[in-house]
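Take a look at the letters that make up each chain.
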Amino acid sequence: MKLEQIYCDFMDKILPVGGIVRHLPYALVFKTTHWCMYNCAHCCENAGTFQPRKLMPAQTIKNYIAQAMADTGFSDNVVFTGGEIMSAYHFGDTSYVPDLLTFCLKHNVGTDIKTNASWVNTSFAPRVFDDLTDVIRGGDPYQLQISLSLDRYHSRSVQNCAKFIHELSKRPRTQAIIQLSSFEQDVPMFDDLLRALKRNGTRVDRAVVISDGKAYKKIIAGRNLILNMSTGTLFDGGRAKNLPDAEPTVAPQFSFMTRDYNVLVAFDSFGRVTLGENSGRKINTKWCDNTGRPRPLADIRKSLVASAQFEDIRYRILNRKRFIKSM
């Protein structure tokens, strides 16, 4: 153990990124599937209907969360996303989503589930709403956050979000946070959503104006749901690289080091784990071994440190070559 510590200390002096990765507090992200009902032009995950109808096993996910809960570096926060996680219902697995959410809330893990709400008009939508209602009522008030996509790239985005909020707000004791995730150029869509909610009969009360200079508003819908708007920049990852308004990132593989919140350790349905949710050339490893069995989380974290150190060396070499060519 002492030799391992001596080696880590030595490598951290040469490649400080290793120590940064080793000591950063982290949240777990599970990209449960890459299948999605949409084939959006901006998708950083290259998700769509052409991807396999494959889900990351729920038991594997729960095992990784349990391992993380014993780690002092874990922030007690989990994100479930995709592709489209509600595709599980489309595949016929109606227990997948409520099982994962109930497990997290039972263990007091902060939980965020991301969906584009494209499924709100499907035949299985009532089952989804029933399950979400049961999960929310089984946890503490506002313990669950549901993030909806509100942007120009998702077809019928305003209508889908409005229907989701309307249906969930009608159910008593469904106290949850609804995060509307958008891009900077799509801010007006939040007001479009509020107008759509008013038209479909959802009561909304303006509650708090956020004093961040952007004048986004928190809204209480149906006295149960807190709505909040957040925006980000469209970067050129995945299919977004083909869009003229996608911004390039400088050294995107190290973008996690510029954040002031927990670094994301993101598992996907193809067996990979990435540091940061999506980042150009990936700092990654595999979460399963050559036999397909899940690797221990501690080993995965060590591999991510080694991957970050390798990427740091590669980045330095490339930059040196560019500098020499420019002389």
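Residues numbered from 1 in each chain as written. Predicted model: local features only at pLDDT ≥ 70, side-chain atom pairs only at ≥ 80, totals over all residues. Heavy atoms only, no water.

Of the protein, the UniProt comment under Cofactor (unreviewed entry) reads exactly: "[4Fe-4S] cluster". (UniProt positions renumbered as here; feature names shortened; annotations may be inferred.)

Now for the pairing of strand S10 (residues 272–275). Relative to S10, strand S9 (residues 263–268) runs antiparallel, the two sharing 3 bridges. The residue of S10 that forms the bridge with Phe267 is Val273. The hairpin formed by S9 and S10 contains 3 residues between the paired strands, and Gly271 there has a positive phi angle of roughly 95°. Pairing between S10 and strand S11 (residues 284–286): 3 bridges, direction antiparallel. In the strand pairing of S11, Arg272 is matched with Lys286. (Pairing = 2+ DSSP bridges. Helix = DSSP H or I, 4+ residues; strand = E, 2+ residues; numbered from the N terminus.)

Glancing now at the packing of helix H5 (residues 96–106) against helix H6 (residues 125–138). Interhelical geometry of H5 versus H6 gives an angle of 10° and a closest axis separation of 10 Å. Looking at the two axes, H5 sits roughly parallel to H6. Note on element contacts: H6 touches H5 through Asp131, Leu132 and Val135, opposite Pro98, Leu101, Thr102 and Leu105. Of the residues assigned to the contact of H5 with H6, the class counts are 5 nonpolar, 1 polar and 1 charged. (Axes fitted to C-alpha atoms, helices over the stretch in contact; angles between N-to-C directions. Parallel < 35°, antiparallel > 145°, perpendicular 65-115°, else oblique. Contact = heavy atoms within 4.5 Å. Nonpolar A, V, L, I, M, F, W, Y, C, P; charged D, E, K, R; others polar.)

A word on the environment of Ala221. Considering the arrangement of structural elements, one finds Ala221 in strand S7 (residues 217–221). Overall, the relative accessible area of 0% leaves Ala221 in the buried class. Put simply, Ala221 and Thr202 are 19 residues apart on the chain and 6.8 Å apart in space, counted from C-alpha to C-alpha. Setting aside residues up to four positions removed in sequence, Ala221 forms contacts with Ile165, Ser169, Thr202, Arg203, Val204 and Leu227. (Buried < 20%, exposed > 50% of the residue type's maximum accessible area, 1.4 Å probe, protein only.)

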